[in-house]
Amino acid sequence: MTGAPALRGLTVLYDARCALCTFLRDWLTRQPQLVPLELVPAGSVEARRRFPGLDHGATLEEVTVVGDGGQVYRDTAAWIVVLWALREHRPLAHRLSTPAGAKLARGAVLAAAKWRGRQQGWGGRVYRRGDGWSYEPGAGWTYDPPGCDDGACATD
């Protein structure tokens with residue numbers, strides 16, 4: 001019988017600047033794994049070297065998992081395949097892969113994305129006037145990016 005190659009390993013690309021993502025990375029490393037997980041920061045030199053064909057900007061926006069056979073899982077499917085790789089969570093992954101379970105999984109992913117988005121707006125960092133931030137008591141924080149007149153602007 002022919003079919004897809006057996007999945008022997010997964011690489012999870014996670015946003016290393018995101019508190020939720022790093023918390024989940026640490027949680028995943030402590031879980032008994034049926035399929036080995038490698039955790040690599042999304043957008044990193046290592047991720048770009050391993051997966052030159054991926055849209056690395058997109059991997060910073062949504063969880064992306066790459067199988068050792070080149071399979072690419074994004075968003076809800078990525079979470080389900082990661083749970084499938086974990087010994088104690090494989091039954092849950094099977095339930096989430098059903099049509100009814102997929103709706104629940106999608107809701108959980110959207111809730112996490114919403115929380116993450118709120119955190120990244122602040123992220124625990126300090127807002128500085130020199131970075132373009134100002135605070136008005138009636139309006140809250142506003143951002144006006146600094147100009148490049150002094151040549152100090154970062155270029156990507």
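Residues numbered from 1 in each chain as written. Predicted model: local features only at pLDDT ≥ 70, side-chain atom pairs only at ≥ 80, totals over all residues. Heavy atoms only, no water.

**Brief notes about the sheet that holds strand β3 (residues 64–67)**
Okay, so step 1: Taken together, the four strands give an open sheet; going across it, the order is β2-β1-β3-β4, and neighbouring strands pair in mixed fashion. In the strand order of this sheet, the two ends are held by β2 (37–41) and β4 (72–74), each with one partner. Each neighbouring strand pair of the sheet contributes to a mean axis angle of 25 degrees, computed without reference to strand direction.
Okay, so step 2: Looking at chain direction, strand β1 (residues 10–14) and β2 are connected through five bridges and run parallel. When the sheet's bridge partners are listed, Thr11 is paired in β2 with Glu38.
Okay, so step 3: The sheet contacts of helix α4 (residues 75–85) involve β1, β2, β3 and β4, and relative to β4 the element is tilted by about 115 degrees. (Pairing = 2+ DSSP bridges. Helix = DSSP H or I, 4+ residues; strand = E, 2+ residues; numbered from the N terminus. Axes fitted to C-alpha atoms, helices over the stretch in contact; angles between N-to-C directions. Contact = heavy atoms within 4.5 Å.)

**Describing the confidence of the model for the protein chain**
Okay, so step 1: Looking at the protein chain, pLDDT values average 79 and 67% of them are 70 or higher.
Okay, so step 2: Every residue in residues 122–127 scores below 50 in pLDDT, and together they form five contacts with partners more than four places removed in sequence or on other chains. (pLDDT = per-residue confidence, 0-100.)

**Considerations on the packing of aromatic side chains**
Okay, so step 1: In the structure shown here, the tally under the stated rule is zero aromatic pairs.
Okay, so step 2: When the ring centre of Trp84 is taken as reference, the NZ or CZ atom of Arg90 above it lies at 4.0 Å. (Phe/Tyr/Trp six-rings, centres within 6.5 Å; stacked < 30°, edge-to-face > 60°. Lys NZ or Arg CZ within 6 Å of the ring centre and 35° of its normal.)

**Some thoughts on the environment of Arg74**
Okay, so step 1: Examined against the element boundaries, Arg74 turns out to sit in strand β4.
Okay, so step 2: Owing to a relative accessible area of 31%, Arg74 belongs among the partly exposed residues under this scheme.
Okay, so step 3: It is 6.8 Å that separates the C-alpha atoms of Arg74 and Glu62, two residues lying twelve residues apart in sequence.
Okay, so step 4: Here Arg74 is in contact with Leu54, Thr59, Glu62, Val63 and Thr64, once residues within four sequence places are set aside.
Okay, so step 5: Looking at Arg74, its side chain comes within polar contact range of the side chain of Thr64, at 3.5 Å. (Buried < 20%, exposed > 50% of the residue type's maximum accessible area, 1.4 Å probe, protein only. Polar contact = N/O pair within 3.5 Å; in protein donor to acceptor, adjacent residues only side chain to side chain.)

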